[in-house]
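As a plain string of letters, each chain reads:
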Amino acid sequence: MHFSWRTYSVWIYLVFVLLVCCWEVALGQLSYSVSEEVNQGTVIGNIAKDLNLNVKELETRVFQIVAGSNKKYFEVNLKTGALYVNERIDREELCDESKCIVSLEAVINNPLKLYRVEVEIKDVNDHSPSFHAKSQLLDVAENTTPGFKFALSEASDADVGQNGVSGYKLSPNEYFSLVAHRRGDNISPELVLQKTLDRETKSNIKLLLTAFDGGSPPNSGTSEIEINVLDINDNAPIFSSNLYKIKARENVAFGTPILTLNATDADEGANSEIVFSLRSKDQDHVLDTFRIDSVTGVISVKGKIDYEEKKNFEIRAEARDKGQPPMSAHSKVLVEVIDVNDNAPEISVTSFTSIVKEDAAVGTAIALVSVLDRDSGKNGEVNCQILNTVPFKLEKNYKNYYSLIVNGCLDREVTPQYNVTISASDEGQPPLSNSSVISVFVSDVNDNAPDFQEPVINVYVKENSKVGTIIQTVTAIDADINKNGQVTYSVLETNSKGQNLHSMIHINSESGDIVSLQSFNYEEVKTFQFKVQATDSGVPPLSSNVTVNVLILDENDNNPTILAPYSEHGSVNSETIPYSAEAGYFVAKIRAVDADSGYNALLSYHLSESKGNNLFRIGTSTGEIRTKRRMSDNDLKTHPLVVLVSDNGEPSLSATVSLDVMVVETTAEVQTQFRHVPTKEDSFSDLNLYLLIAIVSVSVIFLLSLISLIAVRCHRTDSDFSRYSAPMITTHPDGSWSYSKATQQYDVCFSSDTLKSDVVVFPAPFPPVDAELISINGGDTFTRTQTLPNKDKVRML
């Protein structure tokens, strides 16, 4: 009793283990079914529910369906977990077997899991039976006995099962009936002679053969049968077997014989001579692959035999005699193809994402790699690996499925694209291999700021240039691409001197062109500075700056200006000289300034000689007018002179001043010409401020000296000053000033554009005659030029 209970326990344990194994297999694979030609979007099942997956995690875990074919017939709704039809399904196009199964792989990440899903495609009656030949021609001897059967072309239907060809029917007639023979799934129609034929009565008979399927409603197709009634060859050839079965290796050489058919004919003579052929009806693929010798009956290879395309062939052979009318017999040859290792592995890549960010973390999945070898057995077992050195690796998932993941740091600016070479080889003898290159594009992140080639840009602009001229184009290079590399330009700072920079220049934010908004005047603005900022369009944006120095180049656009005392417009300038003046006697000095700079401000002085006037000369660089010789009685008493002052610009600009020189008999008649020089207001600037401070300082010193001098004179006599008028101090536009009384004139000239200034003092009683020119340089040195000796000469340094 104890022994029986132990045996019973063992049996219960075995059954339990078997149930557990069956349960695990069921969990690893799902099966669904769907009819062909259903509408896109038709739901065939809830795969998330069947796999016990949380619907809310499908998107985050990148759940997807991977198919072995190029078309993706099924897809998953990641919000509901429903498996639905994604593309039109044609069972006849998809499968050539009665049972059509589509194998899918469901992949989910984090953690990575793989599920096998099978979907059975059910047939619908969407095809009608059809005959390869719309008409069939039969030659029937008139002495053919009733009951003789004639093979007819079979109809084909792309549908299978009940929807395939289920029967034939023949149009009503008095000579023939129809019988059908079922061999497996095929139904072969045969025409049966019911009544003896008489060619003389009726030599041609036309019938209509109809094939119909078992669908609901049934579909049908027709073929015409034309029968020619012939005479007398009453024995048909007979094959040694109605069915031959052979095996042939794929890729066998062309011309290789695989079978010799044997047929005999009981007739004699021409009626017994047999001609072998392969039936041309409904077996085009056979005729492309095989051929038969019409005399010997040897079947040989004509085309390529490929196990992966077709695993077996059904050859229909015919033996026909040469009688009149000829008679024939038919036989079938079944060829089974043996596989050889002639297919290299095929690599298929399903990309999770075609672009990977350059800051992607190690372990990020990029693509699912599947390898398929169409061979079978050892010839179809495959190994897969990466050949080149890249920051990626293959991680095996299930059978021939791999994940391509990130295995290192990525930098788009160094390597924007990786070509990953994947190699797969089988275990056949000899082994075959294949490789595939996967292009992985690295997407950009904004990790580079725009870069200027130089930190400082100097721009040279001619004054008086046209408004709207592009004075400079700044360019910043950003190593990033797309929006991260799109650079816009803007002016960052205004002019340091308080000028409105936005009224002077404008920058094109896209091209970086800096355009002038006004015509620049060198005499007003010689240089200004601003900064340009280049900013990319990334998030967050990055930027860099460059300093732009604009230097205005001088143009010769200012005429020389005559300085006082000869600068008053429309006035008559005159000077007197004594008749006893020697050669080289100082008459006057013309002073002029030019607002331009450089050679444009370098002045030269010339006399426009009047007719018969050769008494005076002028220093081309100093402007001093002196006599060439002593006076003669033939000389005029008044000499009108015109002084031309020209600069060295291109083209040269000039100014003129008229001066009448009068000759007097004695030095007592020489009188100084006093003029009131009106002041000219000019725009106030920093330079004017400095000049004003200098003028005020000099003026204070000069006035103190003048007051001291007047006080000394007052102690001498009060009547000495009775003949003098009130003192007068005037300023000139170039920054000079002058002090004058009735017989005294102090004229101090300061040029704003030169480092040298002239101080001229004319004391009484003969200011124009007796003078001394003191030139004060920037180095606190001076040179002195004395025109005539004078004991009362006053020196001012």
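Residues numbered from 1 in each chain as written. Predicted model: local features only at pLDDT ≥ 70, side-chain atom pairs only at ≥ 80, totals over all residues. Heavy atoms only, no water.

### Regarding the overall build of the protein
Item 1. A tally of helices and strands in the protein yields six helices and 57 strands.
Item 2. Burial status across the protein gives 41% buried among its 797 residues.
Item 3. Put simply, 63% of the contacts in the protein that link residues at least 6 apart link residues at least 24 apart.
Item 4. When the accessible surface of the protein is totalled, it reaches about 43400 Å², and 52% of it is carbon and sulfur. (Helix = DSSP H or I, 4+ residues; strand = E, 2+ residues; numbered from the N terminus. Buried < 20%, exposed > 50% of the residue type's maximum accessible area, 1.4 Å probe, protein only. Contact = heavy atoms within 4.5 Å. Areas by Shrake-Rupley, 256 points an atom, 1.4 Å probe, with all protein chains shown as cover.)

### Quick notes on the sheet that holds strand E10 (residues 149-151)
Item 1. Strand order in the open sheet formed by three strands is E10-E14-E13, and the pairing between neighbours is antiparallel. Of all the strands in the sheet, the pair left with one neighbour each is E10 and strand E13 (176-183). On average, each strand axis in the sheet is tilted by 35° relative to the strand beside it, whichever way the strands run.
Item 2. As paired strands, E13 and strand E14 (residues 186-193) are joined by eight bridges and run antiparallel to one another. Bridged to His 181 within E14 is Ser 188. (Pairing = 2+ DSSP bridges. Axes fitted to C-alpha atoms, helices over the stretch in contact; angles between N-to-C directions.)

### A look at the nonpolar core
Grouped burial of nonpolar side chains is what soluble globular proteins tend to show.
Item 1. Counting residues in hydrophobic clusters, the biggest one holds 27 residues, and the most contacted among them are Ile 47, Phe 63, Phe 74 and Val 119.
Item 2. Broken down by secondary-structure element, the contributors of at least two residues to this core are strand E1 (29-35), helix H2 (47-50), strand E4 (74-76), strand E5 (82-85), strand E6 (100-108) and strand E7 (113-122).
Item 3. In terms of residue count, E6 provides more of this core than any other element does, five residues in total.
Item 4. Leave out the neighbours within four places in its chain, and Val 119 touches Tyr 32, Val 34, Ile 44, Phe 74, Cys 100, Ile 101, Val 102 and Leu 104.
Item 5. Listed in part, the 26 residues of the second largest apolar core include Ala 263, Ile 292, Ile 305 and Ala 319. (Core = buried A, V, L, I, M, F, W, Y, C linked by side-chain atoms within 4.5 Å.)

### Remarks on the pattern of salt bridges
Item 1. This structure, assessed with the given rule, holds 20 salt bridges.
Item 2. In this structure, Glu 75 and Lys 72 form a salt bridge, with 3.2 Å as the shortest nitrogen-oxygen distance.
Item 3. Residue classification places Glu 75 among the buried residues on the basis of a relative accessible area of 17%.
Item 4. Judged by its relative accessible area of 27%, Lys 72 falls in the partly exposed class.
Item 5. The structure contains a network of salt bridges with shared partners spanning Glu 154, Glu 314, Arg 316 and Lys 332. (Salt bridge = Lys/Arg side-chain N within 4 Å of Asp/Glu carboxyl O.)

### Considerations on the sheet that holds strand E18 (residues 243-249)
Item 1. Taken in spatial order, the four strands make up an open sheet running E18-E25-E24-E21, and their pairing is mixed. Pairing within the sheet leaves two strands with one partner each, and these edge strands are E18 and strand E21 (274-278). Averaged over all adjacent pairs, the angle separating strand axes in this sheet is 25°, with direction ignored.
Item 2. Note that E21 and strand E24 (residues 312-321) share five bridges and pair antiparallel. From the neighbouring strand, Ile 274 faces E24, where its bridge partner is Asp 321.

### Topic: the environment of Gly 214
Item 1. Position of Gly 214 among the secondary structure elements: in the loop between strand E15 (204-213) and strand E16 (220-230).
Item 2. With 89 residues separating them in the primary sequence, Gly 214 and Asn 125 have C-alpha atoms 8.6 Å apart.
Item 3. In contact with Gly 214, other than residues within four places in its own chain, are Gln 162, Asn 163, Gly 164 and Ser 166.

### Some points on the side chain of Glu 190
Item 1. Along the chain, Glu 190 falls in strand E14.
Item 2. No salt bridge is formed by the buried Glu 190; the nearest opposite charge belongs to Lys 149, separated by 4.2 Å.
Item 3. Engagement of the side chain of Glu 190 in a polar contact is seen with the side chain of His 181, the distance being 3.0 Å.
Item 4. The residues touching Glu 190, leaving out its near neighbours within four places in the chain, are Lys 149, Phe 150, Ala 151, Leu 152, Ser 177, Leu 178, Val 179 and His 181. (Lys, Arg positive; Asp, Glu negative; His and termini not counted. Polar contact = N/O pair within 3.5 Å; in protein donor to acceptor, adjacent residues only side chain to side chain.)

### Some words on the environment of Leu 602
Item 1. Summarising the element assignment, Leu 602 is placed in the loop between strand E46 (592-593) and strand E47 (603-608).
Item 2. Spatially, the C-alpha atoms of Leu 602 and Asn 648 are 5.8 Å apart, while their sequence positions differ by 46 residues.

### Brief notes about unusual backbone geometry
Item 1. With an omega of -5°, the peptide bond between Val 539 and Pro 540 qualifies as cis.
Item 2. Secondary-structure assignment places Pro 540 in the loop between strand E41 (527-536) and strand E42 (543-553).
Item 3. Glu 650 connects to Pro 651 through a cis peptide bond whose omega is -5°.
Item 4. For Pro 651, the location among the structural elements is in the loop between strand E50 (638-647) and strand E51 (654-664).
Item 5. Look at Asn 52: it is not a glycine, yet its phi comes out positive at around 60°.
Item 6. As for its position among the elements, Asn 52 is in the loop between H2 and strand E3 (64-67).

### Points about the packing of aromatic side chains
Item 1. Evaluation of the coordinates by the stated rule reveals eight aromatic pairs.
Item 2. With a centroid separation of 6.4 Å and 70° between ring planes, the pair formed by Phe 150 and Phe 176 is classed as edge-to-face. One end of the pair, Phe 150, is in strand E10; the other, Phe 176, is in strand E13, and 26 residues separate them in sequence. Judged on exposure class, the residue Phe 150 and its partner Phe 176 are both buried. (Phe/Tyr/Trp six-rings, centres within 6.5 Å; stacked < 30°, edge-to-face > 60°.)

### A closer look at the pairing of E14
Item 1. With seven of eight residues buried, E14 is to be regarded as a mostly interior element.
Item 2. Examined bridge by bridge, E10 and E14 share three bridges and lie antiparallel to one another. Directly across from Lys 149, in E14, lies its bridge partner Val 192.

### Remarks on the side chain of Ser 516
Item 1. Take Ser 516: it is sitting in strand E40 (residues 513-516).
Item 2. Residue classification places Ser 516 among the buried residues on the basis of a relative accessible area of 0%.
Item 3. Every residue in contact with Ser 516, bar those within four places of it in the chain, is listed here: Lys 466, Val 467, Gly 468, Thr 469, Ile 471, Met 504 and Ile 505.

### Brief notes about a nonpolar patch on the surface
Item 1. Residues Leu 692, Val 696, Val 700 and Leu 704 make up a contiguous nonpolar surface patch of roughly 350 Å² in combined accessible area.
Item 2. If you trace the backbone, Val 696 turns up in helix H6 (residues 686-716).
Item 3. Take Val 696: its relative accessible area is 44%, and that puts it in the partly exposed class. (Patch = residues over 30% accessible without salt bridge, like charges linked within 9 Å, V, L, I, M, F, W, Y side chains within 5 Å.)

### Some points on the environment of Thr 42
Item 1. Note that Thr 42 resides in the loop between E1 and strand E2 (43-46).
Item 2. On a C-alpha basis, the gap between Thr 42 and Ala 82 in space is 9.6 Å, while along the polypeptide they are 40 residues apart.
Item 3. Residue contacts for Thr 42: discarding those within four places in its chain leaves Leu 83, Tyr 84 and Val 85.
Item 4. Reaching out from Thr 42, the side chain makes a polar contact with the backbone oxygen of Asn 39 at a distance of 2.6 Å.

### Some points on the confidence of the model for the protein
Item 1. Across the protein, the average pLDDT comes to 79, with 81% of residues at 70 or higher.
Item 2. Per-element mean pLDDT across the protein ranges from 35 in strand E56 (residues 772-776) up to 94 in strand E23 (residues 298-301).
Item 3. Taken together, the stretch residues 672-683 has pLDDT below 50 and engages in 28 contacts with residues farther than four places along the chain or on a different chain.
Item 4. Here residues 717-797 scores under 50 on pLDDT; set against residues more than four positions off or in separate chains, the count is 188 contacts. (pLDDT = per-residue confidence, 0-100.)

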